[in-house]
Amino acid sequence: MKGTNLGEFQELVLLTIGTLYPEAYGVGIKDEIREKTGRKVTLSTVHAALNRLEKKGLVQSSFGEATKIRGGKRKKYFTITAYGIKALEETREQREQLWNAIPKQVFQINWSL
């Protein structure tokens, strides 16, 4: 497995998988990202991220039952692995350390000048 460093979009996809648990699949992830962030992403972008995350061992997938609504196709569901949880926790910790390291004066700057 590769390192646990996550790109911004990979982190977003992992967090979305967590919020949709146990019903996280491609279209649902894409729609949830759009709803929660206002960010327009394509299904192919989500699938590319899911493939990379699965190769890294951060998520695992399984197929659901075939349905008539989907023309007999099965949904591929994703869940976060223990390694994925570890990566998310490390990423969160790194971000919190950086946020906490910013001097308070930075937030008091009047940017309108």
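Note that the structure is predicted; figures quoted are calculated from it, not measured. (Residues numbered from 1 in each chain as written. Predicted model: local features only at pLDDT ≥ 70, side-chain atom pairs only at ≥ 80, totals over all residues. Heavy atoms only, no water.)

Novice: Honestly, the overall build of the protein in this entry has me stumped. Any pointers?
Specialist: Looking only at helices and strands, the protein has 5 helices and 2 strands in total. Overall, the protein shows an N-to-C arrangement of helices and strands of α-α-α-β-β-α-α. When the backbone C-alpha atoms are referred to their principal axes, the protein occupies close to 60 × 35 × 20 Å. In the protein, which comprises 113 residues, the proportion classed as buried is 32%. When contacts within the protein are restricted to residue pairs at least 6 apart in sequence, long-range pairs at least 24 apart make up 53% of them. Accessible surface computed for the protein: about 8,100 Å², of which carbon and sulfur atoms make up 54%. (Helix = DSSP H or I, 4+ residues; strand = E, 2+ residues; numbered from the N terminus. Buried < 20%, exposed > 50% of the residue type's maximum accessible area, 1.4 Å probe, protein only. Contact = heavy atoms within 4.5 Å. Areas by Shrake-Rupley, 256 points an atom, 1.4 Å probe, with all protein chains shown as cover.)

Novice: Whenever I open this one, the environment of Asp31 confuses me. Can you help?
Specialist: With respect to the helices and strands, Asp31 occurs in helix 2 (residues 26-37). The class of Asp31 is partly exposed, set by a relative accessible area of 39%. Sequence-wise, Asp31 and Gln94 are 63 residues apart; in three dimensions their C-alpha atoms are separated by 28 Å.

Novice: Any chance you could explain the packing of aromatic side chains here in plain terms?
Specialist: Aromatic rings considered in pairs are described by the distance between their centres and by the relative angle of their planes. Overall, the coordinates contain 2 aromatic pairs when judged by the stated rule. Ring geometry for Trp99 and Phe107: centres 6.1 Å apart, planes at 5°, overall stacked. Comparing Trp99 with Phe107 shows no difference in burial state: the two are exposed. (Phe/Tyr/Trp six-rings, centres within 6.5 Å; stacked < 30°, edge-to-face > 60°.)

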